[in-house]
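So the chains spell out like this:
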Amino acid sequence: MNTDEKIDSDIIVVGGGAAGLMAAGRAAQLGARVLLLEKTDSCGKKILVSGKTRCNLTNSAELKDFISMYGDNGRFLFSAFHNFFRPELLGFLNNYGLATKVERGGRIFPVSDDAHDVVRVFKKYLAANKVQIELNTKVTGIAIQDNAVCGVKTQNGNYRSKAVILATGGATWPSTGSTGDGYKISAGLGHNIVKLKPALVPLIAHEQKLAQSMQGVSLRNVRATAFRDKAAVIDSALTPDCVYGRGEKRSPRPPVIESRFGEMIFTHFGLGGPIILLMSLAVAEALEKGPVSILIDLKPALTREQLHKRLQRDLDKSSKKKISSIMKEYLPAKMIEPFIELTGIDKEKLAHQITAPEREKIIELLKALRFNIKSALPLEKAIVTAGGVSLTEIDPRTMASKLITGLYFCGEIMDIDADTGGYNLQAAFSTGYVAGEKAAEYVNHF
Ligand SMILES: Cc1cc2nc3c(=O)[nH]c(=O)nc-3n(C[C@H](O)[C@H](O)[C@H](O)COP(=O)(O)OP(=O)(O)OC[C@H]3O[C@@H](n4cnc5c(N)ncnc54)[C@H](O)[C@@H]3O)c2cc1C
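Throughout, a residue's number is its position along its own chain's written sequence, starting from 1. Since the coordinates come from a predicted model, pLDDT governs what is reported: local features require at least 70, and pairs of side-chain atoms require 80 or more to be given and counted, while whole-chain, interface and lining totals use all residues. Based on all heavy atoms of the structure, the side-chain values leave hydrogens and waters out of the count.

Asks: Quick question: what am I supposed to make of the overall build of the chain here?
Replies: Secondary structure elements follow DSSP: runs of H or I no shorter than four residues count as helices, runs of E no shorter than two count as strands, and numbering proceeds from the N terminus. Within the chain, the secondary structure is distributed over 14 helices and 18 strands. For the chain, the spread of C-alpha atoms along the principal axes amounts to about 85 × 45 × 35 Å. Burial status follows relative accessibility: with a 1.4 Å probe on protein chains alone, a residue under 20% of its type maximum counts as buried, one over 50% as exposed, and anything between as partly exposed. Burial analysis of the chain (446 residues in total) assigns 56% to the buried set. Any two residues whose heavy atoms approach within 4.5 Å are treated as being in contact. In the chain, of all internal contacts separated by at least 6 residues, the share reaching a separation of at least 24 is 74%. Measuring between centres, the 58 positive side-chain charges of the chain sit 3 Å from its 47 negative side-chain charges. Under this rule, positive means Lys or Arg and negative means Asp or Glu; His and the chain ends count for nothing. Note on charges: their place is set at NZ of Lys, CZ of Arg, CG of Asp or CD of Glu.

Asks: Can you walk me through the layout of surface pockets in this structure?
Replies: Gaps left between atoms are located by rolling a probe of water-molecule size over the structure's atoms. Lining residues are those with an atom within 4 Å of a point, where the points come from a 1 Å grid over the protein atoms alone and group into cavities, where a 1.4 Å probe fits but cannot get out, or pockets, open sets with protein on both sides within 12 Å along at least five of seven lines. Grid points are joined across faces, edges and corners, and a volume is the space filled by probe spheres set on the points. Estimates place the volume of the second largest pocket at around 840 Å³. Looking at the second largest pocket, it is lined by 40 residues, and the ones nearest its centre are Y70, G71, D72, R246 and E285. Those elements that provide at least two residues to the lining of the second largest pocket are α3 (63-68), β10 (193-199), β13 (256-266), α9 (274-287) and β17 (384-389). Among the elements that take part in the lining of the second largest pocket, α9 stands out by supplying 6 residues, more than any other. Grouping the amino acids of the lining of the second largest pocket by side-chain chemistry returns 16 nonpolar, 8 polar and 16 charged. Start and end points for every domain follow an automatic or database-based domain assignment. Looking at which domains feed residues into the lining of the second largest pocket, each of domain 1 (5-199 + 382-444) and domain 2 (202-376) gives three or more. Side-chain classes are defined by residue name, with Ala, Val, Leu, Ile, Met, Phe, Trp, Tyr, Cys and Pro counting as nonpolar, Asp, Glu, Lys and Arg as charged, and the others, Gly among them, as polar.

Asks: Hey, could you run me through the site of the ligand in this one?
Replies: Definition of nearness: a residue and a molecule or strand are near each other if at least one heavy atom of the residue lies within 4 Å of the molecule or strand. Close contacts around the ligand come from 34 residues, with E38, S178, D181, E412 and L425 the closest. Separating a nitrogen atom of the ligand from a backbone N or O atom of V139 is a distance of 3.0 Å. The Shrake-Rupley method, run with a 1.4 Å probe, gives the accessible areas here. Residue values count only the displayed protein chains as cover. In isolation the ligand offers 1,000 Å² of accessible surface; the protein chains occlude 96% of this area. Of all the secondary structure elements, the ones that give two or more residues to the shell around the ligand are α1 (18-29), α2 (45-49) and α14 (423-444). What qualifies as a polar contact is a pair of N or O atoms within 3.5 Å, subject to a donor-acceptor requirement within protein and to the restriction that residues adjacent in sequence count only when both atoms come from side chains.

Asks: How should the pairing of strand β9 (residues 157-166) be read in this particular structure?
Replies: Successive residues of a regular strand alternate their side chains across the two faces of the sheet. The buried count for β9 comes to 8 of 10 residues, which makes it a mostly enclosed element. At least two DSSP bridges between two strands are required for those strands to pair. Of the strand pairs in this sheet, β9 and strand β18 (residues 407-409) are connected by 3 bridges, and their pairing is parallel. What sits directly across from L166, in β18, is F409.

Asks: Explain the sheet that holds strand β5 (residues 107-110) to me, please; I cannot follow it from the model alone.
Replies: Remark on secondary structure: sheet strands pair via backbone hydrogen bonds, oriented parallel or antiparallel. Strand order in the open sheet made by the 3 strands is β3-β5-β4, with antiparallel pairing throughout. The sheet is open, and its two borders are formed by β3 (58-59) and β4 (100-102), each paired with just one other strand. Across 2 bridges, the pairing between β3 and β5 is antiparallel. Its bridge partner lying in β5, N59 is registered against R107.

Asks: Which parts of the structure should I look at to understand the packing of helix α10 (residues 304-317) against helix α13 (residues 356-367)?
Replies: Geometrically, a packed helix pair is captured by the angle between its two axes and the distance between the axes. The axes are straight lines fitted to the C-alpha atoms, using for helices just the contacting stretch, and the angles between their N-to-C directions are given from 0 to 180°. Running from N to C, α10 and α13 cross one another at 130°; their axes reach a closest spacing of 10 Å. Between α10 and α13, the angle is such that the two are oblique. Where α10 crosses over α13, the handedness of that crossing is right-handed. In this structure, α10 uses R304, L307, H308, L311, Q312 and L315 to contact α13, whose residues at the interface are R359, E360, I362, I363, E364, L366 and K367. When grouped by side-chain class, the residues that make up the contact of α10 with α13 number 6 nonpolar, 2 polar and 5 charged. Between 65 and 115 degrees an angle is taken as roughly perpendicular, under 35 as roughly parallel, over 145 as roughly antiparallel, and anywhere else as oblique. Definitions for this section: a left-handed crossing has its near helix turned counterclockwise from the far helix by less than a right angle. A right-handed crossing has that turn clockwise.

Here's what the structure looks like:
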């Protein structure tokens, strides 16, 4: 280290997001002298945008189901969750005056619906335990001596410490400060970085004009199924009638990749909304191997036969009405024109003029609106980064690096990502807590 070294502390936490704030507070609570270095002008920026600014803190799911939301890497979290899980998190927040509530899908939010209240809790927690915070300080590297941490390098000079906790987050939503710095720093120390991929992100379709013509239309209670292959060759009868995806016990049979039921939206470039975000990582991974399509069942509650009967009845009942008028019963207004164009039927045609093949075409499209997927939006537009510091090089009981003594990881920088529902923040809080605790134990025995 240079002679221009700054504050001497026991532990330096790099990054003031959910994981870093928890780690800093816990380590200081155990008596360590903690310095938190944050590169932006305030801590907790991503907490503030989370859950549409309401902050979906965690989920009420049972531990086993909870863990399954992280896919295969979820096993890594067993130990951290054993130490600090939802009851501990909610108890901690409660102690600082933050009441929480459970909503649909087990999602847990502050009663106030205001993410600022979560950041305020951490401000109090860190102040109460005398964590020193330096804002606008970008860490550029970690100083190592004899394979052990001895401080960090920043743009404003160097800082000495006995341990460092890297909590720099992922590489999404860079305006919140998460620009992937920690990956470079870790790779520089010899850590393996599992390929970064966008998770929970909208998808770009080849049929952009079609999507654009329906832009802003939000659909509820629809089924989206991702298939391996071009949309045109998929047999729509393969659309399953159950959900396939993370957290589900059954696995789909090829060519099905994932199938989800719920809400989605058309955007100017393709598909977005909750069920599309959930399947985006699996789609992005499948795209590396070949074409992928998404078929949208606009009427999943009805079988083809039921739909057939209903349509025939409506056509008979309103035989003098235009087909575009009949479709009002089936589709949101903005979708009607593009939909009829897809069927190839003249929109001025009257109900009684609709032929049997045309009726079949309408039913086929209602059951399988087809999109070929070009790609996911880039990483910076994703909610979470999949990939990151390889879990094989981190001790799950302590969050310590297996390569460098005194180095700890927590939060999204690690190769952990989950579905929406509060799972990502719980992982950040739990791993932050463990990293803080174990780093404090380490420096206490220094
Ligand atoms: C729009 C959006 C909504 C979300 N909603 C939810 C939700 O409701 N529920 C949920 O569970 N998850 C949600 N997530 C995901 C969740 O917010 C993140 O997984 C979680 O916040 C990650 O926490 P972290 O502390 O690991 O990283 P971050 O919160 O990204 O924090 C990293 C911190 O490190 C700092 N930093 C980076 N590099 C350096 C450096 N070189 N030097 C110093 N400081 C540095 C950054 O400025 C930042 O403050 C959402 C994400 C987004 C983008």
